[in-house]
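Read off the chains here:
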Amino acid sequence: MHSHHDHRLVLRPGTARAWAGVLLAAIPLGILFAVTIVAGSAAGAAGIAGVSVLCFGIVVAIVRARHVEVTPHEVVVREPFAGERRVARHLVARMVRADLVPFRGPAADTLLLLDARGAVLARIPAQVYPRPDIDRLVHLLGVPCERPGAPVTPRQLSHRWPGAAGVAERRPFAAYLVLAGAALLLIVAVALVGATAF
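Cut-offs and rules
Residues numbered from 1 in each chain as written. Predicted model: local features only at pLDDT ≥ 70, side-chain atom pairs only at ≥ 80, totals over all residues. Heavy atoms only, no water. Helix = DSSP H or I, 4+ residues; strand = E, 2+ residues; numbered from the N terminus. Buried < 20%, exposed > 50% of the residue type's maximum accessible area, 1.4 Å probe, protein only. Contact = heavy atoms within 4.5 Å. Areas by Shrake-Rupley, 256 points an atom, 1.4 Å probe, with all protein chains shown as cover. Polar contact = N/O pair within 3.5 Å; in protein donor to acceptor, adjacent residues only side chain to side chain. Core = buried A, V, L, I, M, F, W, Y, C linked by side-chain atoms within 4.5 Å. Pairing = 2+ DSSP bridges. Axes fitted to C-alpha atoms, helices over the stretch in contact; angles between N-to-C directions. Salt bridge = Lys/Arg side-chain N within 4 Å of Asp/Glu carboxyl O.

What about the overall build of the chain?
- In terms of regular secondary structure, the chain is built from six helices and eight strands.
- Starting at the N terminus and ending at the C terminus, the chain contains elements arranged as β-α-α-β-β-β-β-β-β-α-β-α-α-α.
- Within the chain, the fraction of its 198 residues that count as buried is 33%.
- Contacts spanning at least 24 positions in sequence make up 55% of the contacts within the chain whose residues lie at least 6 apart.
- Total accessible area on the chain stands at roughly 12200 Å², and carbon and sulfur atoms take up 67% of it.

Shown next, in the form of structure tokens:
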């Protein structure tokens, strides 16, 4: 006989990946900080230090906000920026577990929860959670889990299951241009602050 707790599961991101995210955010800001110090701009360096602390706080908040919870009645997927999605367990008819190929970097383990018609109910970025936890989640939900025969791109995934990938994933080049423009504006703003201090 299964206990009530057998139908509950909480997934949290692996700590190694979380620290990798912090390091990834710290490296470019550290280089920019060093360049500003060498250039002799104390105000600019202070501004970059403030941005570094802000970025660190954002990364920590993202890691803390992320989790997946399975209860006897629903699946709750909480993702930073995407908010919280609650799905009634009885609506989950099948799953797709795919290796999603991003614009750059290795393929990412991705889990889709689908209803009986094949509509996407929720997407879980399985790569950020320990693999044994994802395996337990798949086993706990107890519905058929399909695995594409090969890695898929966001466009391919979205074509097969509409809504599975966002616009930024389907059009990564445009998204990178937007991010690069924002980063350039930030650097210019910091440089102006440093220049006006003297």
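There's plenty left to go through after this.
Comments concerning the environment of L137
- On the secondary structure map, L137 appears in helix 3 (residues 131-141).
- Counting along the chain gives 126 residues from L137 to L11, while the straight-line C-alpha distance between them is 8.5 Å.
- Residue contacts for L137: discarding those within four places in its chain leaves L9, L11, V68, V70, L111 and I124.

A look at the side chain of D115
- Within the element layout of this structure, D115 appears in the loop between strand 6 (108-114) and strand 7 (120-124).
- A polar atom in the side chain of D115 sits 2.9 Å from the backbone nitrogen of R117.
- At a separation of 3.0 Å, a polar atom in the side chain of D115 contacts the main-chain amide nitrogen of G118.
- In this structure D115 touches L91, A93 and L121, once residues within four positions along its chain are discounted.

Structural notes on the nonpolar core
- Ranked by size, the top nonpolar core spans 23 residues in total, and within it V68, M95, L113, I124, I134 and L137 carry the most contacts.
- Breaking this core down by element, the ones donating at least two residues are strand 1 (9-11), strand 2 (67-70), strand 3 (74-79), strand 6, strand 7 and helix 3.
- In terms of residues, this core owes the most to one element, helix 3, which gives five residues.
- In this structure, I134 is in contact with L11, R97, I124, A126 and Y129, ignoring residues within four places of it in sequence.
- Core analysis: the second largest hydrophobic core is formed by nine residues, V96, L100, L114 and V120 among them.

Points about the sheet that holds strand 6
- Taking strand neighbours across the sheet as the criterion, the four strands line up as 7-6-5-8 in an open arrangement whose pairing is mixed. Either end of the sheet is taken by a strand with one partner, and the two such strands are strand 7 and strand 8 (145-146).
- Pairing of strand 5 (residues 94-100) with strand 6 involves seven bridges; the strand directions are antiparallel. Looking at strand 6, one finds that V96 is bridged to L112.
- Relative to the sheet, helix 3 contacts strand 5, strand 6, strand 7 and strand 8, its axis offset from that of strand 5 by approximately 155 degrees.

Some thoughts on the sheet that holds strand 4 (residues 83-88)
- Reading across from one edge, 1-2-3-4 is the order of the four strands in this open sheet, with antiparallel pairing throughout. For this open sheet the edge positions go to strand 1 and strand 4, each flanked by a neighbour on one side alone. For this sheet, the mean angle separating the axes of adjacent strands, direction not counted, is 10 degrees.
- Against the sheet, helix 3 makes contact with strand 1, strand 2 and strand 3, and its axis sits at roughly 145 degrees relative to strand 1, the strand it touches most.

Some words on the pattern of salt bridges
- Here the structure, examined in full by the defined rule, presents 10 salt bridges.
- The salt bridge partner of E84 is R78, with a shortest N-O separation of 2.5 Å.
- A salt bridge links R94 to E146, with the shortest nitrogen-to-oxygen separation between them at 3.3 Å. With R94 in strand 5 and E146 in strand 8, this residue pair connects regions lying 52 residues apart in the sequence.
- Given a relative accessible area of 24%, R94 falls into the partly exposed group.
- Connected via shared salt-bridge partners are E74, R78, E84 and R86.

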